[in-house]
2 protein chains.
Amino acid sequence: MKTKLPHCDFNKHKNPKSKNITRFYKHKGNFTWQGIKTEKYKAEGIDWADIIRRVLIGGHNESAKFHLRYFEIAPGGYSSFEKHKHEHVVVGIRGKGNVLSGKKNYELNFLDTLYMAPNTPHQLSNPFNEPFGFLCIVNAKRDKPRVLRKGV
Amino acid sequence: MKTKLPHCDFNKHKNPKSKNITRFYKHKGNFTWQGIKTEKYKAEGIDWADIIRRVLIGGHNESAKFHLRYFEIAPGGYSSFEKHKHEHVVVGIRGKGNVLSGKKNYELNFLDTLYMAPNTPHQLSNPFNEPFGFLCIVNAKRDKPRVLRKGV
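These numbers come from a predicted model, not from an experiment. (Residues numbered from 1 in each chain as written. Chains lettered and ligands numbered in written order. Predicted model: local features only at pLDDT ≥ 70, side-chain atom pairs only at ≥ 80, totals over all residues. Heavy atoms only, no water.)

Residues and elements named next belong to chain B. Within the secondary structure, H60 sits in the loop between β6 (49-57) and β7 (66-78). Residue H60 is classed as buried on the basis of its relative accessible area of 17%. Within polar-contact distance, the side chain of H60 engages the side chain of Y25 at 3.1 Å. Filtering out sequence-adjacent residues up to four positions away, H60 remains in contact with S18, K19, N20, R23 and Y25. (Helix = DSSP H or I, 4+ residues; strand = E, 2+ residues; numbered from the N terminus. Buried < 20%, exposed > 50% of the residue type's maximum accessible area, 1.4 Å probe, protein only. Polar contact = N/O pair within 3.5 Å; in protein donor to acceptor, adjacent residues only side chain to side chain. Contact = heavy atoms within 4.5 Å.)

Structure below.
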């Protein structure tokens, strides 16, 4: 059974005044960047917990066909269990975490890279004791995820 | 003055037998990945030195609108000074290096992220004593770079 939940991924993050110009985002340490704000993973929903997002590329009217985001899941946290037509590429950057992708479970450590094909049900989680941070690259134009219920 | 040089970026890296399926590339350490080969930066040319490339996403007929590559420049090495219509996103991963982008120079350290707008002349180089490795994300469909000559 699938349920649709509204979430912030498709709200307009873009600043309409932004120009498509070269920009440098200095890493300030602790997986934060100069000029990049920390946002909720999604605006609402009860199907996820303890995640933040930092949109590195995608919030400034860039013409690139992709967006680059950093997500961080606190110990005990997890993302929505969902699927969508667009692909995901995730790259482990901080700590480690688990990825359920299709019927497989992966442990994602530093620089481990996972390509998720279209329509793969997936969920990321952090059962460990330190923050789990990863880069996630997606197409700039993409469909809305559908939240799934496990075992239904 | 601009010169066109053939290079491998537009040779077909794709294995025609590859399917657009979920794939996991485990980081084996030392910035190498299971299942990902090390290639020359470009097939030929005398305008660059001491760079290798590892194509993480883009060599297996993925349907994503972007490719993800890891490049590593040895001490003393440098990439072509070039420009193109497609955007670049580079993220520092290993060591540090320099990026000339437009008229500005940036030092790229771990997780520093640079968005290069279309048609920005650029060159990456490593004047330091350890390898300089970075992720580079580009559109899957992109134009060929034009190699530039400095000061001409």
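The next subject is the packing of aromatic side chains. Under the defined criterion, the tally for this structure stands at 16 aromatic pairs over all chains. For the pair Y106 of chain A and F24 of chain B, a centre-to-centre distance of 4.8 Å together with 35 degrees between the ring planes defines the contact as tilted. Linking Y106 of chain A in strand β11 (residues 104-108) with F24 of chain B in strand β2 (residues 23-25), this pair reaches from one chain into another. The partly exposed category is assigned to F24 of chain B, whose relative accessible area is 25%. A centroid spacing of 5.1 Å and a plane angle of 35 degrees characterise the contact between F132 of chain B and F134 of chain B, whose relative ring orientation is tilted. With respect to burial, F132 of chain B and F134 of chain B carry one shared label: buried. What links up through ring pairs into an aromatic cluster is the set Y41, W48, F71, F132 and F134 of chain A. Between K96 of chain A and the ring centre of F128 of chain A, over which it is positioned, the NZ or CZ distance is 4.6 Å. (Phe/Tyr/Trp six-rings, centres within 6.5 Å; stacked < 30°, edge-to-face > 60°. Lys NZ or Arg CZ within 6 Å of the ring centre and 35° of its normal.)

This paragraph deals with the pairing of strand β9 (residues 88-94) of chain A. Residues and elements named next belong to chain A. The element β9 is largely enclosed, with a buried count of 7 among its 7 residues. Relative to strand β12 (residues 113-116), β9 runs antiparallel, the two being bridged by 4 bridges. Within the sheet, the bridge partner assigned to V91 lies in β12 and is T113. (Pairing = 2+ DSSP bridges.)

On to the interface of chain A and chain B. Taken together, the contacts link 41 residues of chain A with 41 residues of chain B. Carbon and sulfur atoms make up 67% of the area that chain A and chain B hide from each other, which totals about 3,400 Å². The salt bridge partner of K26 of chain A is D112 of chain B, with a shortest N-O separation of 3.1 Å. Summed over the shared surface of chain A and chain B, the result is 26 residue pairs in polar contact (both at pLDDT 80 or more). At the level of elements, β2 (23-25), β6 (49-57), β7 (66-78), β9, β11, β12 and β14 (132-139) of chain A are the ones that each hand at least two residues to the side of chain A that touches chain B. Residue composition of the side of chain A that touches chain B, by class: 25 nonpolar, 9 polar and 7 charged. Where β12 of chain A lies against β2 of chain B, 3 bridges are found, and the strand directions are antiparallel. Within β2 of chain B, the position partnered with Y115 of chain A by the bridge is R23 of chain B. (Buried area = accessible area lost by both parts, 1.4 Å probe. Salt bridge = Lys/Arg side-chain N within 4 Å of Asp/Glu carboxyl O. Nonpolar A, V, L, I, M, F, W, Y, C, P; charged D, E, K, R; others polar.)

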